[in-house]
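# Structure assessment
Listed here are the chains, written in short residue letters.
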Amino acid sequence: MRDLPGKALAQELAAASQAEARATPMEDVIAKAANDGLDTTATHRLVGRLWALERMFYYIYGGWGQGLEMNDFPPSVKYLFSKQIVDESTHEMLYMDLLLKKGFIANQKAAFADPACGFRVNSSLAYYIFSLRNLATYPHTIRIAALNLGPKILELAWTEALAAATDDPELKGAFESQIVENRSHVNMGRRIVEEFISKPVDAELAHWAVGIAKRDYCRYLQEVADIVLDRPLTAPTPPRVRVLD
Amino acid sequence: MLKVDHQRCTECRMCYIVCRELDINAVYVAHEPLHRIEIDPVACTYPGCTACLMYCPAAGSIVEVETGRSVVPPPLEAWQA
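Notes on the structure in this doc start here. Since the structure is predicted, the reported quantities are computational estimates derived from the model, not experimental observations.

### Brief notes about the overall build of chain B
Along the backbone of chain B there are three helices and four strands. Listed N to C, the secondary structure of chain B is β-α-β-β-α-β-α in terms of helices and strands. Relative to the 2.2 N^0.38 estimate, which gives 12 Å for 81 residues, the radius of gyration of chain B is 11 Å and therefore close to what a compact globule would have. Dimensions of chain B, computed from the C-alpha atoms along their principal axes, are close to 35 × 25 × 20 Å. Evaluated residue by residue, chain B yields a buried proportion of 31% over its 81 residues. Intrachain contacts of chain B at a sequence separation of at least 6 include 56% that bridge at least 24 residues.

### Quick look at helix α1 (residues 14-21) of chain B
All names here are of chain B. Along α1, the residues classified as buried are Cys15, Tyr16, Cys19 and Arg20. In a view along the axis of α1, the buried residues occupy a sector of 125 degrees, so they form one face of it. A positive backbone phi angle near 65 degrees is found at Asp23, which sits one or two residues after α1.

### Things to note about the interface of chain A and chain B
Each partner contributes to the interface: chain A provides eleven residues, whereas chain B provides ten residues. Secondary-structure elements contributing two or more residues to the side of chain A that touches chain B are α4 (75-101) and α9 (169-176) of chain A. With five residues, α4(A) is the largest single contributor of residues to the side of chain A that touches chain B. Counted by class, the side of chain A that touches chain B contains five nonpolar, five polar and one charged residues.

Definitions and limits used
Residues numbered from 1 in each chain as written. Chains lettered and ligands numbered in written order. Predicted model: local features only at pLDDT ≥ 70, side-chain atom pairs only at ≥ 80, totals over all residues. Helix = DSSP H or I, 4+ residues; strand = E, 2+ residues; numbered from the N terminus. Rg over C-alpha atoms; globule rule 2.2 N^0.38 Å. Buried ≥ 20, exposed ≤ 12 C-beta atoms within 10 Å, placed from the backbone. Contact = placed C-beta atoms within 7 Å. Arc of directions from axis to C-beta. Nonpolar A, V, L, I, M, F, W, Y, C, P; charged D, E, K, R; others polar.

No statement about biological role is implied by the geometric values presented.
Rendered as structure tokens:
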């Protein structure tokens, strides 16, 4: 097999995310699930917040898809992206099924008005979504690196841990069944970085984008943990640069 | 009672979409790595509702459990339900 130009970069980005993967705000939720179990309210809030994020991937990937042109990448890159879109849609369906089956909402339409499931612009969820959507203006390889070698690695770790910690069979089933797909997204990210990120400028951009995506994902996870555990919302770290205009 | 024949189903998920839209919520995603579509016999109102059959594009992919009969494309009586 030929040498892949981005192999070292992919390994570096993945290893950095792996090192942080079991130190996210979700650890409090995992501990709660393992020690006391998640009660009905906590489960409702957890699934609701996760569904609210998953459904927003239609919006994020819609923006990313518009940035793809004919012949800009080989078909394999576009195939992997479309597979990821389908998988994300499946995860949205899994959470919706759970909300309905557990009786947290009466029907699909009710989810949009439900406090646990609803989308608010003034939230860390929105901050993360807009942060990912903003990557639409960057090359596809950069944004796939940002998501799949950043938040996806964190997500895989807490999903596996929470599936192991909870004794709710439906919650466990929903998480466990996603693991293969999440692992494949990480592998997709690795493959795309290995094959297509070869220039130093792109490597630098990938470092920056992964860092931003992980920071904003952890901000979203902090909000999820606070809501699930019924704590006051943690104020986000203020931006380092004040924008004046 | 209906079930999905996974040998023929293409997983296009039209049945899931229409079942959700009608608020019957009998079609769901199975908790297994392939995430195949299944039909909950308790929630499904067939033969009262036949919407999934009307939208299913893959011949033979939804069958009656009791008779083993394929109901895609929908038989005449499905249109009269």
